[in-house]
Amino acid sequence: MECKTCELRQRQYYCANCLRNHLRDFRLQIHHFSSDRNDHVARASRAFKSIESGRLLRAEIARVDHNLDQLADSLAKVRRDCESKRDRLRTLRETLAQRRRTLNAARLLPPQSQTLTKESQELSVLSQTIARARSGLVQELVEVFNVVEVGGRPAVGGRPGARGEWTVSGLVLPVPGDVRRYPPDHINAVITHTIHFLGLLTFYLGIKLPFEVSWSCKRFGVGMPWIGAGRGSESWAKWTAQHPLHLTSILPLLHLLLSSSPSPTPPASLADSEAPEQAPAHGQNQSFTTGLAMLLYNVCYLAHSQGVEIPLSQAGDALSNLWAVCCSGELGRRSHSTTPLLLPPTPPSFTLDFAQVLQATAASPARAARIRPGRSAQEAGISRMRSERIIEEEDGWDVVELGGEEGFG
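Residues numbered from 1 in each chain as written. Predicted model: local features only at pLDDT ≥ 70, side-chain atom pairs only at ≥ 80, totals over all residues. Heavy atoms only, no water.

(A) Main features of the sheet that holds strand 2 (residues 165-168). Spatially, 1-2-3 is the arrangement adopted by the three strands of the open sheet, whose pairing is antiparallel. The sheet terminates laterally at strand 1 (148-150) and strand 3 (171-172), the two strands that pair on one side only. In the sheet, strand 1 pairs with strand 2 via three bridges, with the strands oriented antiparallel. From the neighbouring strand, E149 faces strand 2, where its bridge partner is W166. (Pairing = 2+ DSSP bridges. Helix = DSSP H or I, 4+ residues; strand = E, 2+ residues; numbered from the N terminus.)

(B) View of a nonpolar patch on the surface. Taken together, L23, F26 and I30 make up a surface patch of nonpolar side chains, about 320 Å² in accessible area. Relative to the assigned elements, L23 resides in helix 1 (residues 16-108). Relative accessible area serves as the criterion here: at 45%, L23 is assigned to the partly exposed category. (Patch = residues over 30% accessible without salt bridge, like charges linked within 9 Å, V, L, I, M, F, W, Y side chains within 5 Å. Areas by Shrake-Rupley, 256 points an atom, 1.4 Å probe, with all protein chains shown as cover. Salt bridge = Lys/Arg side-chain N within 4 Å of Asp/Glu carboxyl O. Buried < 20%, exposed > 50% of the residue type's maximum accessible area, 1.4 Å probe, protein only.)

(C) Structural view of the nonpolar core. Judged by nonpolar contacts, the single largest core of 56 residues is most densely connected at F197, L201, F211, L302 and F354. Contributing elements (two or more residues each) for this core: helix 2 (111-145), strand 2, helix 3 (184-205), strand 5 (225-229), helix 5 (281-305), helix 6 (318-326) and helix 7 (354-361). Per element, the largest residue contribution to this core is 12 residues, and it comes from helix 5. Filtering out sequence-adjacent residues up to four positions away, F354 remains in contact with F211, W236, W239, T290, A293, M294 and Y297. (Core = buried A, V, L, I, M, F, W, Y, C linked by side-chain atoms within 4.5 Å. Contact = heavy atoms within 4.5 Å.)

(D) Summary view of the pairing of strand 2. The pairing of strand 2 with strand 3 spans two bridges and is antiparallel. When the bridges of strand 3 are listed, V168 appears paired with L171. The antiparallel hairpin formed by strand 2 and strand 3 contains two residues in its connecting segment, where S169 sits at a positive phi of about 55°.

(E) Summary view of helix 1. An ideal rise of 1.5 Å per residue puts 138 Å on 93 residues; helix 1 measures up with 129 Å between its terminal C-alpha atoms. In helix 1, a bend of some 40° at I51 exceeds every other bend along the element. (Expected span 1.5 Å × (residues − 1). Bend = angle between axes of the 7 residues up to and from the residue.)

Put into structure tokens, the structure is as follows:
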């Protein structure tokens, strides 16, 4: 209570009767709540006893599932270990059997033959290593020159597929029948890239090609590629004259057709001279066709040396054939410079004849056959330059021949 004088709160005092009354009220309330509590505890105990068996059963099931998972993991690990040891045991058995066979064969051989056998095995291992190294270089070469097929369509829903165009360094290399659809600069650029790609590929693989490519030296600018047969006793070796692997514009050629002075023929050696570009248009186109046929023949022979056989009908698709060479399973195993040695080009097993390739490449096979081996097409065209007709297109040039049947396409 609060004092009226000092206005401070003081302890409240109760009389004995009030205290007895308060205590009686508290006891009644405690008794009432105790009864309620006991009732709730009893009901909870009865409910807990009713679910005790199910709870214990679920706990036991969870424990058993956990144990089963652990056992399954342990069993899988044991199986993996057993499989690994089984594979290792199988490898050891095969190695042991191989060693036993080698040892039995070595016991039957004289001492010198044993030495030769060991050297042959070492040489075989070395050849396999070289083949793997060549394969890696070839794959990098394909990526550098970006030899890919663009376009095309796979066979879907019963419709036949369509083949795309093959490109090198982003330029399309057409088949011989489609050369006239492209300007001379494009043809010169893509053939130059193809020649460089083929040269590096044969260098990595150690292959000697039938026809050799040479470059005319100019005082200003880059050289022009020419091709001719190398040394050999086969039928293709008679084509010793140099033929161009490049095209020039038709305008200076028309001017030369109107002049009466004969055009010079390409020199026998183009190593230190300038390539002649003043040949008649028909003679130059005819000679370019012959040079292109020589390049295609080189590609077919390279494919044969690496275990890929190219039929005559597909010989005109040079980049596709080179791609097949780069994907061959026999790539780099046979060479002219390492063991096993290849026969000089071309062996009897290579049945493709250069005359067939030239006939299929030329737009007029009969006319191409009249060019004598050993005589360049420029020389053959001089005598006919006034009797031949040049077909000029919008691009200002063309490489078609009059008459004859179709070649590769």
